[in-house]
Amino acid sequence: MNDTLKIPRKLSPTKYALLTGTLLLTSAGLITRVLGFFYRIFLSRTIGAEGLGVFNLIHPVFGICFALCAGSIQTAISQSVAANVRKGRSIFRAGLIISVGISIILAYGIIQFKDLIAANILMEPRCAPLLIFVAVSVPCSAIHACINGYYYGMQRPQVPAFAQITEQSVRIGAVFLIADIMIKSGITITVQLAVMGHLIGEVASSLYTVTAYRFFPPRMAPGVTHVSSGFRQTAPELMQLAMPLMGNRLVLNILASAEAILIPSRLQMSGLTDSAALSVYGVLTGMALPFILFPSTVFNSLAVLLLPTVAEAQSEGNDRRIGSAISMSLRYCLYVGILCIGIFTLFGDDLGISVFKDGSAGSYMTILAWLCPFIYLVTTMGSILNGLGRTSVTFIQNVISMIIRLCFVLFGIPRFGILAYLVGTLVSELLLALMHVLTLKKKVEFTWNAWDMIAKPAILMFLAIGFYYAAFSVADPFKELPLFVKTLFHIGILSIFYLCLLLGAHMMKNTSDEKPFRES
């Protein structure tokens with residue numbers, strides 16, 4: 001087995017806490033992503049494509065606010081507490097005061113200027129009343145982000161993990177309940193339902209984390225005593241850590257927000273009406289992309305596991321282990337990415353119609369299918385770069401990628417419609433994946449075999465598709481089932497063909513590698 005995947009029988013308490021914490025957070029992330037995926041399907045059927053478009057337009061406002069008042073301060077609290085556990089409570093309280101203070105100012109600003117933001121920045125006046133819900137959710141997100149940061153710093157990830165699940169579960173349950181009441185009362189369901197769900201989820205998460213902190217605060221190790229420190233002594237050091245992170249996240253969020261806001265207006269310039277542009281945007285971001293990104297939950301989990309592994313290997317000077325982790329990640333990202341290309345190009349139309357009742361969602365999936373290997377590579381390679389301490393490099397490369405995509409939005413969509421954005425996304429992700437891989441190649445030696453990692457799985461995918469068509473040309477035992485269920489069976493059978501061929505090729509290679517050794 002690869003060294004990267006080996007787990008020693010006896011782990012030190014620190015390594016054991018790191019491993020169990022990572023697995024816990026990974027499991028929580030997978031659960032929330034699965035719940036969120038089905039939640040998106042529900043929203044697409046209740047508020048429609050146009051409603052999803054309006055709902056996704058307000059996300060940039062929340063994203064920028066979170067970058068300013070919560071995300072960076074959470075990371076700074078986590079790092080500071082981990083480095084100085086004795087001053088942990090003082091660091092947490094200072095961070096909480098700063099974060100909540102900034103969040104209240106931002107919330108007040110959103111409420112005061114909601115009409116201006118909706119009409120002149122988001123370019124959609126219908127967003128104005130929805131921004132009030134976003135504004136109220138900002139302080140809630142600041143509270144639970146800071147508490148989570150404190151628990152992370154104390155190496156107690158249980159509360160943050162369950163906070164994720166609580167937030168998603170309460171949000172979905174509340175929305176289902178409200179929707180049921182509205183349907184029975186004859187009230188038309190609008191995008192306001194989704195925004196209410198967002199607020200309810202944030203409130204639930206903050207209440208859960210506050211309750212956990214009140215009754216189950218993270219305990220310090222035996223013999224370690226708390227050292228109190230004033231706000232004036234603690235805050236400057238904390239903000240010194242937070243400010244660079246805040247700047248990086250703010251730049252990335254502004255670029256992502258500009259892209260999200262400009263797509264509907266540029267679609268109108270291509271000849272679509274306001275309603276049609278929002279519908280296209282809603283289908284793309286609320287239906288097609290969630291399907292394409294769903295398999296990435298596995299690679300997000302892999303990225304979480306890789307970062308501490310790579311950081312530990314670097315501290316030990318073990319470049320061979322880092323190279324092995326990179327080669328393993330490349331291989332499996334490409335294997336799964338090529339499988340997803342086959343799945344979405346063959347079954348994208350059926351998935352779009354059966355799940356979302358929208359044929360255009362399937363058309364977008366078939367085009368975006370080619371994104372899969374690059375998205376997975378970017379996720380894992382970016383995590384490895386961050387583990388090696390190259391955060392500034394990943395930031396610059398992400399900015400370059402986003403600027404390229406923004407150029408396609410600005411200059412391509414008015415002439416070629418949404419196809420320009422799809423092509424721009426493919427180009428930017430391909431370039432970002434190449435930049436990450438080339439940067440790693442300069443930093444660490446790792447095995448790269450184009451035949452093994454690209455050509456061979458691509459050929460095996462074509463063979464699997466051939467076997468699939470040959471098998472179902474005779475008879476389709478699933479043809480009487482509902483379209484979605486039938487499609488799932490077909491995807492499963494194609495995947496089995498592909499995985500069996502991969503396994504067979506791998507066994508043949510091992511056998512051929514062993515023959516010269518035996519002969520010698």
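Right above here is the structure, for reference.
Residues numbered from 1 in each chain as written. Predicted model: local features only at pLDDT ≥ 70, side-chain atom pairs only at ≥ 80, totals over all residues. Heavy atoms only, no water.

1. Let's talk about the packing of helix α14 (residues 391-416) against helix α15 (residues 418-443)
Between two packed helices, the angle of one axis relative to the other and the distance separating the axes together describe the packing.
Next up, step 1: Two elements in contact, α14 and α15, have axes whose closest approach is 8 Å; the angle formed by their N-to-C orientations is 160°. As far as their axial angle goes, α15 and α14 are roughly antiparallel. Here the hand of the crossing between α14 and α15 comes out right-handed. (Axes fitted to C-alpha atoms, helices over the stretch in contact; angles between N-to-C directions. Helix = DSSP H or I, 4+ residues; strand = E, 2+ residues; numbered from the N terminus. Parallel < 35°, antiparallel > 145°, perpendicular 65-115°, else oblique. Left-handed = near helix turned anticlockwise from the far one by under 90°.)

2. Observations regarding the packing of helix α2 (residues 48-83) against helix α9 (residues 274-293)
Next up, step 1: Two numbers describe how α2 lies on α9: the axes approach to 6 Å, and their chain directions differ by 75°. If you check the angle between α2 and α9, you find them roughly perpendicular. Between α2 and α9, the residues in contact are A49, E50, L52, G53, V54, N56 and L57 and S275, L278, S279, Y281, G282, V283, T285, G286 and M287, respectively.
Next up, step 2: Residues that form the contact of α2 with α9 fall into these classes: 8 nonpolar, 7 polar and 1 charged. (Contact = heavy atoms within 4.5 Å. Nonpolar A, V, L, I, M, F, W, Y, C, P; charged D, E, K, R; others polar.)

3. Points about unusual backbone geometry
Next up, step 1: Even without being glycine, M123 reaches a positive phi, approximately 55°.
Next up, step 2: Mapped onto the elements, M123 comes out in the loop between α4 (114-121) and α5 (128-153).

4. Quick word on the nonpolar core
Burial of nonpolar side chains together is a common tendency in soluble globular proteins.
Next up, step 1: Membership of the largest hydrophobic core comes to 120 residues, with the highest contact counts inside it found for I58, I326, F344, Y364, L368 and Y498.
Next up, step 2: Per-element accounting of this core gives the leading share, 15 residues, to helix α11 (residues 319-356).
Next up, step 3: Excluding anything up to four places from it in sequence, Y498 contacts Y335, I338, L339, P457, L460, M461 and A464.
Next up, step 4: By size, the runner-up hydrophobic cluster in this structure holds 19 residues, among which are F92, Y150, M154 and V159. (Core = buried A, V, L, I, M, F, W, Y, C linked by side-chain atoms within 4.5 Å. Buried < 20%, exposed > 50% of the residue type's maximum accessible area, 1.4 Å probe, protein only.)

5. Remarks on the side chain of S495
Next up, step 1: Inspection of the secondary structure assignment puts S495 in helix α17 (residues 483-519).
Next up, step 2: Here S495 falls in the buried class, since its relative accessible area comes to 13%.
Next up, step 3: Among the polar contacts listed, one links the side chain of S495 to the backbone oxygen of I491, at a separation of 2.8 Å.
Next up, step 4: Apart from the residues within four sequence positions on either side, S495 is in contact with L339 and I343. (Polar contact = N/O pair within 3.5 Å; in protein donor to acceptor, adjacent residues only side chain to side chain.)

6. Quick word on the pattern of salt bridges
Next up, step 1: One pass over the full model with this rule turns up 7 salt bridges.
Next up, step 2: Across the pair D180 and K184 runs a salt bridge, and its minimum N-O distance is 3.3 Å. Pair noted here: D180 and K184 are both in helix α6 (residues 158-185), with a separation of 4 residues, about one helical turn.
Next up, step 3: Here D180 falls in the partly exposed class, since its relative accessible area comes to 35%.
Next up, step 4: Overall, K184 belongs to the exposed group, its relative accessible area being 69%. (Salt bridge = Lys/Arg side-chain N within 4 Å of Asp/Glu carboxyl O.)

7. Describing the side chain of D476
Next up, step 1: For D476, the location among the structural elements is in the loop between α16 (450-474) and α17.
Next up, step 2: In this structure, D476 is buried with no salt-bridge partner, the nearest side chain bearing the opposite charge being K486 at 4.5 Å.
Next up, step 3: A polar contact of 3.0 Å, which involves the side chain of D476, links it to the backbone nitrogen of F478.
Next up, step 4: There is a polar contact of 3.2 Å between the side chain of D476 and the side chain of H490.
Next up, step 5: Dropping the residues within four chain positions of it, D476 is found in contact with K486 and H490. (Lys, Arg positive; Asp, Glu negative; His and termini not counted.)

8. Some thoughts on the environment of D452
Next up, step 1: Tracing the chain through its elements places D452 in helix α16.
Next up, step 2: Spatially, the C-alpha atoms of D452 and Y335 are 9.8 Å apart, while their sequence positions differ by 117 residues.
Next up, step 3: Ignoring sequence-local partners within four residues, the contact set of D452 consists of R331, Y335, P457 and K509.

9. Observations regarding the packing of aromatic side chains
Next up, step 1: Counted according to the given criterion, the structure contains 14 aromatic pairs.
Next up, step 2: Aromatic side chains F467 and F497 sit 6.2 Å apart centroid to centroid with 65° between the ring planes, which places their arrangement in the edge-to-face category. Placement of F467 in helix α16 and of F497 in helix α17 is noted, with a sequence separation of 30 residues between them.
Next up, step 3: Residue F467 is classed as partly exposed on the basis of its relative accessible area, which comes to 42%.
Next up, step 4: Classification of F497 as partly exposed rests on a relative accessible area of 25%.
Next up, step 5: On the basis of an interplanar angle of 50° and a centroid distance of 4.9 Å, the ring pair of Y468 and F472 is categorised as tilted. In this pair, Y468 and F472 are both assigned in helix α16, 4 residues apart and thus about one turn of the helix distant.
Next up, step 6: The class for F472 is buried, based on a relative accessible area of 16%.
Next up, step 7: Through successive ring pairs, a cluster of aromatic residues spans F347, Y468, Y469, F472, F478 and F489.
Next up, step 8: Across from the ring centre of F215, 5.3 Å away, lies the NZ or CZ of R214, which sits over that ring. (Phe/Tyr/Trp six-rings, centres within 6.5 Å; stacked < 30°, edge-to-face > 60°. Lys NZ or Arg CZ within 6 Å of the ring centre and 35° of its normal.)

10. Some words on the environment of T394
Next up, step 1: Along the polypeptide, T394 turns up in helix α14.
Next up, step 2: The class of T394 is buried, set by a relative accessible area of 7%.
Next up, step 3: Spatially, the C-alpha atom of T394 lies 9.8 Å from that of V378, the residues being 16 residues apart in sequence.
Next up, step 4: With residues up to four places along the chain from it excluded, the contact list for T394 reads G382, L385, N386 and H436.

11. A closer look at α6
Next up, step 1: Over its 28 residues, α6 runs 40 Å from end to end, which matches the ideal 40 Å to within 8%, given 1.5 Å per residue.
Next up, step 2: Taken together, the buried positions of α6 are V159, P160, A161, A163, E167, Q168, R171, I172, A174, V175, A179 and M182.
Next up, step 3: In the segment just after α6, G186 is the residue with positive phi, at about 75°. (Expected span 1.5 Å × (residues − 1).)

12. A look at the environment of K87
Next up, step 1: Along the chain, the position of K87 falls in the loop between α2 and α3 (88-112).
Next up, step 2: Along the primary structure K87 and S229 are separated by 142 residues, whereas in three dimensions their C-alpha atoms are 6.8 Å apart.
Next up, step 3: Once you skip the residues sitting within four places of it in the chain, K87 turns out to touch V227, S229 and E237.

On their own, these measurements won't tell you what the molecule is for.
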